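# Structure at a glance
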Amino acid sequence: MPVPVPVPVRARVAVAPNVLALGSVSLVTDISSEMITAVLPMYVIFTLGLSPLQFGELNGLYFGITALVRLAGGHAADRWQRRKLVAGSGYALSAVCKLGLLAAGSSVSALGAVIAADRTGKGLRTGPRDALISLSSTPETLGRSFGVHRALDTVGAFLGPLAAFGLLLANPNHYDTVFVASFCIASFAVVMLALLVRDRTEAVDQANPVSLGAALRLLLLPRFRRVCIAALLLGVVALSDSFVYLLLQQRLDISAEYFPLLPLGTTASYLLLAVPFGHLADRVGRIRVFVGGYVALLSAYLMLFGPVGGVVLLLPTLALHGLFYAATDGVLMAAVGPMLPVQLRASGIALIQTGQSVALLASSVLFGAAWGRWGLHAALALAVASLAAAILAALWILPLAKESNT
């Protein structure tokens, strides 16, 4: 009998260099994008004077356009076996859109068009990027690989609001300085992608060619279909980040110049927990950790709904919000990766991400409408009840008993 060759400890615990390269690109990109995200709610509501419903529609557009192109981006990457090229096109388009915010000025329609183009870029890049992470990792380290990538991504998300805060502190109400700086940083990320990231290609199976129909038929896979349904259901009742921060601003009466700092609490928590939760998911089950993340989100909503205020409200809410992302974002992609054939990996990941984007679109519009019609307190109560019911439904739908991480 042949003697098995032991795998070195470093090989078992390390992540692939390609994962680190993709994480570095995401880090720089997120500095750019989070600079915009941090100031956008205050800009459109308090500078442009949009109502909560209008902001909900604009914020929904932010997610909805992404949903329309995610599947197309994943399909193109698989069909052409050019995952790096498709992802790079998305990064480049989003970079150009940062300058488009300057041209939009105070026009709500022009602002919506720029946001739509920016989200098109994000939709194009996300599926191919996550497919590259999946294909660059071993089955046993998928959770860790996505955790490391999301941790690097979150470093950028942490630095972005700080950069926006510093620019606005030095130049009050001069949002154009934030937009220009964001463009320069995003352009640097595109250069990094071109120089550092290696593509992963597979031989095309001529008997089973990649097609949009083949991607949609992935929903016939029982386990993958159940995960998609549960993710869609949970996404419909989860509030977007912007609404969480606006709720905190309303509860605590936070001044406008400090509003961009609110995401730092979420990103700090996410940064600290992304790798540990990715490792935990590899050990105890990725789907279990995914559901646990929504329990943490429900706890954050209960904090917002409760009577406490000040630091006692602020810090735990942001910490739970970051824990939610650490337990769900990369963990879900790591969970569905092994369920999908290699030649359709980007398409399958894009398919579930499309469902999540559609759900976030619906969530933003519905919560904005509820806030405008019934008031903040009633809208938040409805969100708490809906999320609790969705978690119970997800526990029944998801294939927890048959979960395997290999």
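A brief look at the structure comes next. Owing to the predicted nature of the structure, the values given are computational and were not obtained by experimental measurement.

A few words now on the overall build of the protein. The helix and strand tally for the protein stands at 15 helices and zero strands. Taking the intrachain contacts of the protein between residues at least 6 apart in sequence as the baseline, contacts between residues at least 24 apart amount to 86%. For the protein, the exposed area adds up to about 16,600 Å²; of that, 69% sits on carbon and sulfur atoms.

Turning next to the packing of aromatic side chains. For the structure on display, the rule yields seven aromatic pairs. Ring centres of Phe 324 and Tyr 325 lie 4.9 Å apart, and the angle between their planes is 55 degrees; on these two criteria the pair is classed as tilted. Judged by its relative accessible area of 7%, Phe 324 is buried. Each member of the aromatic cluster is reached from another via a ring pair, and the members are Tyr 270, Phe 290, Tyr 294, Phe 324 and Tyr 325.

The subject of this paragraph is the pattern of salt bridges. In this structure the tally under the stated criterion is six salt bridges. Between Asp 118 and Lys 98 there is a salt bridge, and its shortest N-O distance comes to 3.2 Å. Within this pair, whereas Asp 118 is found in helix H5 (residues 108-135), its partner Lys 98 is found in helix H4 (residues 83-104), the two being separated by 20 residues in sequence. Since its relative accessible area comes to 10%, Asp 118 is described here as buried. Arg 286 is the salt-bridge partner of Asp 282, the closest N and O atoms lying 2.8 Å from each other. On the accessibility criterion, Arg 286 (1% relative accessible area) is buried. The structure contains a network of salt bridges with shared partners spanning Arg 129, Asp 130, Arg 150 and Asp 329.

Inspection of the secondary structure assignment puts Thr 29 in helix H2 (residues 17-47). The buried category is assigned to Thr 29, whose relative accessible area is 9%. Counting along the chain gives 156 residues from Thr 29 to Ile 185, while the straight-line C-alpha distance between them is 7.0 Å. Setting aside chain neighbours within four positions, we find Thr 29 in contact with Tyr 91, Arg 125 and Ala 189.

Another aspect to go through is H5. Helix length check: H5 (28 residues) gives 41 Å between terminal C-alpha atoms against 40 Å at 1.5 Å per residue, within 8%. Within H5, the axis deviates most sharply at Thr 126, by approximately 25 degrees, and proline Pro 128 lies no more than four positions further along. In terms of burial, H5 is a largely internal element, 20 of the 28 residues being buried.

In this structure, Phe 224, Leu 239, Tyr 294, Ile 352 and Leu 387 are the most contacted members of the largest nonpolar core, which totals 101 residues. Ignoring anything within four residues of it in the chain, the contact list for Ile 352 reads Phe 224, Val 227, Cys 228, Ala 231, Leu 332, Met 333 and Val 336. Residues Ala 76, Val 86, Ala 131 and Ala 346 belong to the second largest nonpolar core, which totals five residues.

Another point: the packing of helix H9 (residues 222-236) against helix H12 (residues 286-305). For the pair H9 and H12, interaxial distance at closest approach is 12 Å and the crossing angle is 10 degrees. As judged from the angle between their axes, H9 and H12 are roughly parallel. Together, Val 227, Ala 231, Leu 234 and Gly 235 of H9 and Ile 287, Phe 290 and Tyr 294 of H12 make up the contact between the two elements. The class makeup of the residues in the contact of H9 with H12 is six nonpolar, one polar and no charged.

Before going further, it helps to examine unusual backbone geometry. Positive phi outside glycine occurs at Gln 81, with the angle close to 55 degrees. Note on placement: Gln 81 falls in the loop between helix H3 (52-80) and H4. On the basis of relative accessible area, Gln 81 is assigned to the buried category, the value being 7%.

Moving on, we come to the packing of H9 against helix H15 (residues 376-397). With their axes 9 Å apart at the nearest point, H9 and H15 run at an angle of 175 degrees to one another. Judged on the interaxial angle alone, H15 and H9 are roughly antiparallel. Between H9 and H15, the residues in contact are Arg 226, Ile 229, Ala 230, Leu 233 and Leu 234 and Leu 387, Ala 390, Ile 391, Ala 393, Ala 394, Trp 396 and Ile 397, respectively. Tallied by class, the residues present in the contact of H9 with H15 amount to 11 nonpolar, no polar and one charged.

Take the side chain of Thr 126 next. With respect to the helices and strands, the residue Thr 126 is situated in helix H5. At 2.7 Å, the side chain of Thr 126 and the backbone oxygen of Lys 122 are in polar contact. Contact partners of Thr 126, with chain neighbours within four places excluded, come to Arg 70 and Gln 353.

Our next topic: the side chain of Asp 282. By the element assignment, Asp 282 lies in helix H11 (residues 262-284). Owing to a relative accessible area of 13%, Asp 282 belongs among the buried residues under this scheme. There is a polar contact of 3.0 Å between the side chain of Asp 282 and the backbone nitrogen of Arg 144.

Scoring rules and cut-offs
- Residues numbered from 1 in each chain as written.
- Predicted model: local features only at pLDDT ≥ 70, side-chain atom pairs only at ≥ 80, totals over all residues.
- Heavy atoms only, no water.
- Helix = DSSP H or I, 4+ residues; strand = E, 2+ residues; numbered from the N terminus.
- Contact = heavy atoms within 4.5 Å.
- Areas by Shrake-Rupley, 256 points an atom, 1.4 Å probe, with all protein chains shown as cover.
- Phe/Tyr/Trp six-rings, centres within 6.5 Å; stacked < 30°, edge-to-face > 60°.
- Buried < 20%, exposed > 50% of the residue type's maximum accessible area, 1.4 Å probe, protein only.
- Salt bridge = Lys/Arg side-chain N within 4 Å of Asp/Glu carboxyl O.
- Expected span 1.5 Å × (residues − 1).
- Bend = angle between axes of the 7 residues up to and from the residue.
- Core = buried A, V, L, I, M, F, W, Y, C linked by side-chain atoms within 4.5 Å.
- Axes fitted to C-alpha atoms, helices over the stretch in contact; angles between N-to-C directions.
- Parallel < 35°, antiparallel > 145°, perpendicular 65-115°, else oblique.
- Nonpolar A, V, L, I, M, F, W, Y, C, P; charged D, E, K, R; others polar.
- Polar contact = N/O pair within 3.5 Å; in protein donor to acceptor, adjacent residues only side chain to side chain.

Just distances and angles here, no functional claims.
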